[in-house]
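Observations on chain architecture
Read off the chains here:
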Amino acid sequence: MAAAGDGPWLDDAAGRLVRPFTVSNGRTEPSIALDLMSQVMATGTTPLGYLGPEHAQALDLCRGPLSVAEIAAHLKLPAVVTKVLLSDLVDCGALTAKPPAFRHNPTDRSLLEAVLDGLRRQL
């Protein structure tokens, strides 16, 4: 039986029925460089040819700008698979991608403290 809201791709007992790398046809390298913080947005151009249901879901999510990480979370797919799907949509002109506005140092103490403070406020 499918989990509520997840459609035919998830099963309560078996888990994901379609393996993530099947979604990207086994590809693990996107055709363009995408960071987890890259912002993608739909252009309004309809993609030509067949795209899978995950492509359509990603395109639907991108009506407004969203980060690659947010899209991966919504699709419940690994980031690398999501990057491949998004790069397909950029290649066919259906999405635009913009690199993060700032480059951050993942070991920057002030950044890590700000994230920790934000998490504490959420809990």
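Residues numbered from 1 in each chain as written. Predicted model: local features only at pLDDT ≥ 70, side-chain atom pairs only at ≥ 80, totals over all residues. Heavy atoms only, no water.

Across all of its chains, the model carries 3 salt bridges by this definition. A salt bridge links Arg 120 to Asp 117; the nearest nitrogen and oxygen atoms lie 3.9 Å apart. Taken together, the residues Arg 120 and Asp 117, both in helix α5 (residues 109-122) and 3 residues apart, mark about one turn of the helix. A residue is classified by how much of its surface remains accessible, and Asp 117, at 37% relative accessible area, is partly exposed. (Salt bridge = Lys/Arg side-chain N within 4 Å of Asp/Glu carboxyl O. Helix = DSSP H or I, 4+ residues; strand = E, 2+ residues; numbered from the N terminus. Buried < 20%, exposed > 50% of the residue type's maximum accessible area, 1.4 Å probe, protein only.)

Our focus in this paragraph is the pairing of strand β3 (residues 39-42). As paired elements, β3 and strand β4 (residues 66-67) share 2 bridges and run antiparallel to each other. Paired with Val 40 across the strands is Leu 66, a residue of β4. (Pairing = 2+ DSSP bridges.)

In a beta sheet, neighbouring strands are held together by backbone hydrogen bonds and run either parallel or antiparallel to one another. Judged by pairing direction, the sheet is antiparallel, and its 3 strands sit side by side in the order β4-β3-β5 without closing on themselves. Both edges of this open sheet fall to β4 and β5 (95-98), since each of them pairs with a single strand only.

Caution applies to low-pLDDT parts of the model: their predicted coordinates are not meant to be read in detail. For the protein chain, per-residue confidence averages 78 on the pLDDT scale, and 73% of positions sit at 70 or higher. Confidence, read as mean pLDDT per element, is least for strand β2 (residues 15-16) in the protein chain (48) and greatest for β3 (94). Overall, residues 1-6 carries pLDDT values under 50, and its contacts beyond four positions in sequence, including any with other chains, amount to 10 contacts. (pLDDT = per-residue confidence, 0-100. Contact = heavy atoms within 4.5 Å.)

On to the nonpolar core. Membership of the largest hydrophobic core comes to 16 residues, with the highest contact counts inside it found for Val 40, Ala 58, Ile 71, Leu 75, Leu 86, Leu 89 and Leu 95. Of all the secondary-structure elements, those providing two or more residues to this core are α2 (53-61), α3 (68-75) and α4 (79-91). If one sorts the elements of this core by residue count, α4 sits on top with 4 residues. Discounting chain neighbours no more than four positions away, the residues touching Leu 89 are Pro 47, Leu 51, His 55, Ala 58, Leu 59, Ala 94 and Leu 95. (Core = buried A, V, L, I, M, F, W, Y, C linked by side-chain atoms within 4.5 Å.)

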